[in-house]
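Architecture and fold: a report
Here are the chains, one letter per residue:
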Amino acid sequence: MKKLILIAVIATFSCFANAQDAASTPPLMTKSGMPITPQAGDWSLGFNAAPLLSYAGNFFNNNSYNSASMAYQMPQTIEGKMMKTDNTAMIGIIRIGFNSNSVNTLVPSATTAGSFVTDNRKNSSTNIVLGAGKQWYRGKGRLKGYYGATAMLAFSSNDTSYSYGNALSSSNPGSRVTQANSGAGFGIGVRGFVGAEYFFAPKMSLSAEYGWGIMFNSVGEGKESYDSWNGTAVTSTTNNTGSTSNFNIDVDNWGGAIILSLYF
């Protein structure tokens, strides 16, 4: 299976290296002479405009789903493009995410009636996605069709620790988790896509696309640690957890994203 993924990645990048760029066409201009469509050397950033459009529409119809937090949700990856020619673009994808949180919970004391102690849960996670690809445009007006492909690598981890306000004892027996660490996550995949992009203002566009991709993900063995009361003392135990892997070939539409792109 891994060999199949490697072959697909190599084939994708070979396609990038050998494909012939479409001939450049004169850029579409406004009456004042400002280019409407991007030109060779331009850069762009894109984000999912669907939550913002939903918020704007619901603002006027008094829909309950119009919180500002929904309107400004950002995709979990950042995608940028560099126009190699007027009709081809190189794509870069990146996500570097580190998350850490701590939750304190008040629970009744096991030794003092009417008082409370604090249990604590700490979690940290890492999510990294790196990708590259190429995109080709067709069309000469404000509405352009496009197609292309990207290859991606992903890495992840997730660790959780627990501390408790009540110590284990004869009056408070039992067993509880103290540490839970997932194995390292790894993913590799390639995706082909087609879409349409409409330039509603100079170098500003909305687009939507469909894709077909191959993705392999795996998570290695993790560990879980426990403290238990054995009747006379606290004992600690660590067990290995299982690993997982999955292989997907499927179509997508990026979750219904409407992509707003800004070129500069």
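Rules and cut-offs
Residues numbered from 1 in each chain as written. Predicted model: local features only at pLDDT ≥ 70, side-chain atom pairs only at ≥ 80, totals over all residues. Heavy atoms only, no water. Helix = DSSP H or I, 4+ residues; strand = E, 2+ residues; numbered from the N terminus. Buried < 20%, exposed > 50% of the residue type's maximum accessible area, 1.4 Å probe, protein only. Contact = heavy atoms within 4.5 Å. Phe/Tyr/Trp six-rings, centres within 6.5 Å; stacked < 30°, edge-to-face > 60°. Polar contact = N/O pair within 3.5 Å; in protein donor to acceptor, adjacent residues only side chain to side chain. pLDDT = per-residue confidence, 0-100.

Counting its regular elements, the chain contains three helices and twelve strands. Across the 264 residues of the chain, 32% fall into the buried class. A fraction of 67% describes how many contacts in the chain between residues 6 or more apart in sequence connect residues 24 or more apart.

Under the counting rule described, the total for this entry stands at five aromatic pairs. A connected cluster of aromatic rings, assembled from ring pairs, spans Y137, Y146 and F193.

Looking at where S225 falls in the secondary structure, it is placed in strand β9 (residues 223-229). Residue S225 is classed as buried on the basis of its relative accessible area of 17%. A polar side-chain atom of S225 sits 3.0 Å from a polar atom in the side chain of T238. What S225 contacts, discounting residues up to four positions off in sequence, is R176, V177, T178, Q179, T237 and T238.

So, about the confidence of the model for the chain. Across the chain, the average pLDDT comes to 82, with 78% of residues at 70 or higher. Across the chain, the element-wise mean pLDDT spans from 29 in helix α3 (residues 68-71) up to 96 in β9. Taken together, the stretch residues 2-24 has pLDDT below 50 and engages in 33 contacts with residues farther than four places along the chain or on a different chain. Every residue in residues 52-75 is under pLDDT 50, and counting partners more than four places away or in other chains gives 17 contacts.

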